[in-house]
Structures are given as structure tokens and as C-alpha cells.
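One-letter residues, chain by chain:
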Amino acid sequence: MSARAAAVTRRLRGWAWIWSLAGGAVAYLATAVLQQRLSWEALVTNLGLAGFLVVVGLGQMLVITGGAGGIDLSVSGMVTLAAILQATVAHGRDGAAMLAGVGAALGAGLLLGAVNGALVVGLRLPAMVATLATGFMLDSLIQLYYGVGQGGAPSPALARWVHGSLLGLPDMLWLSLLLTALAGLLLQHTRYGRHLEAGGQSEAAAELTGIRVGRVRFLSYVLSSLAASLGGVLLGAYAGGAFLGMGSPYQLGSIAAVVLGGSLIAGGRSTALGVFGGAVLLRFLETGMQATGLSAGARNVLEGAMIILVLALRRAG
């Protein structure tokens, strides 16, 4: 390989987010072919719908970046619980009731994140085991909670905003772009982001430089749960209410968005723009598979196979 080709290869590896965005564009064109129409409305609608996964995926990205097998398998339960809390507390009202509903949902996310962080960092339990256990407990509590007839409806003002648009683009797209930019700044231009990546690359080396890796990782679990709770609030408002299993697609989906976006599953290097691209890619793939008539189970199998393929290709490279 020539020096110039090697330089190009290194640059492309540094711009891993390009592949997810390019894949999203290809998936959109493939979907348009399947549906036999190229629609601007379909494009912006799917970009807006991808925003919900972007919100949850950015939190998952922080946990994975911290390394040590970091992963948050409780996000699905948190998404569902947040949607339920917002709808139940607000009960179809705006103003103070809406703020109370959002506050209750985010407060639950803060608590869950602290519990996950304590289990993983404090008790040194494997992240997969700890977060899967807390997620299972959440699912059980949700079923009990719904079993006593609790209900409600999201705030109308919040629902209008989630369904709204600005300059012809969905509000959810603008929000996802803003959060992507903030997450990118957090990773690349703050002390916390640099410490998170350093701990993900080598915990021992990071601690030798004075980085408190445990505190940094603890905060990543808190931020992940907060992101999941925010995603649940927005998703519940968009759907007009909450239902059991609402967050289930976001467990595998959030991990897939991070992996497809070019972040290292072992930690130490992530890209927020890649998570955005990965979410867009998954959204258009979902739309394309729906157009072919594939069942939900088949779509989940293909999504899981895609993650395995990407990880295998990176390992081989």
C-alpha cells in the first residue's frame, strides 16, 4: 500500500461516521425503489422518527465509551417507565402538570442511573448483568403499576411540539441534531469527555495520570438513563400515551446505532455524529423491511445479524 493510500485509509477510519451516513442514504434510496417513489415528505418524516433513537443512543454511547464492557441494557424499561410517568402525572394537562410529569420521568432516570452506576462501579458487577437485572426489575414494576389501572395522557403542548416542525423539518430532527452536537462537544472538548475516552482505552494508564475512572464511568450511567428517560417522554408524547413494551426496540436499537456509527464496542473511541448516522440508517432499514412485508421478528434477526457482521469486519480489519 502506498503512503498516500495509507493516509486516506487512516483518515477514513477517523471519519467512521461517514459510513453510517452513507449507509443511511443508500437505505433511503433502496426504500424509495421498493415503494416506487422518491418522496421528500417520507425523507423528513423518517429523519424525525430517527430522532427518538438518537436521543437514547447518545446516552448508550457514553456508557460504551467508558470501556470495561460498559453497556446499558436497562434503557428499554426506562423509556417505557418515563412515558408512563409523564402521562400519568400530567394527565393530559399543560403548564405545571406537564413540568411535573417531565420532572418525574427525568427524576426516575436519575435514580436508575445512580443505581446502575453503583452496581457497576461500586460493587464491580459486570455491566451486562447489573443493567439487565435493573431493567428486568423495571419491567416487572411497570407491569404491576399498569395492573392497578393507572393511565393518563401526555401533555397536549408537548405532543404538539413533538409532532411540529421548524423551517419544514421535524422538531425531533432539530432536537436530535442539537443533542448530537452537544454530545460531540462533550466528548471532544471537555475534560469529562477526554477522561471518559482515556478510561475506555486503558483504565490502568488513565488512573496513573490521576483520572478517577470510577467517577467518570458512574456519571456515564446516569447520563445514559437520563437520555433514555428523555426519549421515553418524547416517544410517549408522540404516540399519544404509553404502553407495555414501548421501549423494547430501543435496547438493541441504541446499541446498534452506536456500533454502526463507528464507535468501538470495547470503548475508548466514539463519535456522536456516527450515532446520529447509525440511527438514520436503522430507521430507513426498518422502513425498507416493512415495505417488503417482513415480520417484526425477522427484522430483529436482521438487525442483530448486522451488528455481528460489523463487529466481525472491524475485528478482521
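The rules behind these values
Residues numbered from 1 in each chain as written. Predicted model: local features only at pLDDT ≥ 70, side-chain atom pairs only at ≥ 80, totals over all residues. Heavy atoms only, no water. Helix = DSSP H or I, 4+ residues; strand = E, 2+ residues; numbered from the N terminus. Rg over C-alpha atoms; globule rule 2.2 N^0.38 Å. Buried < 20%, exposed > 50% of the residue type's maximum accessible area, 1.4 Å probe, protein only. Contact = heavy atoms within 4.5 Å. Areas by Shrake-Rupley, 256 points an atom, 1.4 Å probe, with all protein chains shown as cover. pLDDT = per-residue confidence, 0-100. Salt bridge = Lys/Arg side-chain N within 4 Å of Asp/Glu carboxyl O.

1. Quick word on the overall build of the chain
Then, in step 1: Looking only at helices and strands, the chain features 14 helices and two strands.
Then, in step 2: Against the 2.2 N^0.38 benchmark of 20 Å for 317 residues, the chain shows a C-alpha radius of gyration of 20 Å, consistent with a compact globule.
Then, in step 3: If one aligns the C-alpha atoms of the chain with their principal axes, the spans along those axes are about 65 × 55 × 35 Å.
Then, in step 4: Relative to its full complement of 317 residues, the chain shows a buried share of 48%.
Then, in step 5: Looking at the chain alone, contacts between residues at least 24 apart form 76% of all its contacts between residues at least 6 apart.
Then, in step 6: As displayed, the chain offers around 15000 Å² of accessible surface, 68% of which is attributable to carbon and sulfur atoms.

2. A word on unusual backbone geometry
Then, in step 1: Even without glycine at this site, His91 takes up a positive phi of about 50°.
Then, in step 2: Structurally, His91 is set in the loop between α4 (75–90) and α5 (96–122).
Then, in step 3: At Leu167, a position not held by glycine, the phi torsion is positive, near 55°.
Then, in step 4: Mapping Leu167 onto the fold places it in the loop between β1 (165–166) and β2 (169–170).

3. A short note on the confidence of the model for the chain
Then, in step 1: Averaged over all residues, the pLDDT of the chain is 87; the fraction at 70 or higher stands at 91%.
Then, in step 2: For the chain, helix α1 (residues 3–14) is the element with the lowest average pLDDT, namely 53, and helix α11 (residues 213–239) is the one with the highest, namely 97.

4. Some words on the pattern of salt bridges
Then, in step 1: For the structure shown, the criterion picks out one salt bridge.
Then, in step 2: A salt bridge links Glu203 to Arg217; the shortest N-O distance between them is 3.1 Å. Separated by 14 residues along the polypeptide, Glu203 in helix α10 (residues 203–208) and Arg217 in helix α11 bring together distant segments of the chain.

5. Section: the side chain of Ser76
Then, in step 1: Here Ser76 is to be found in helix α4.
Then, in step 2: Since its relative accessible area comes to 10%, Ser76 is described here as buried.
Then, in step 3: Discounting chain neighbours no more than four positions away, the residues touching Ser76 are Gly247, Ser248 and Gln251.

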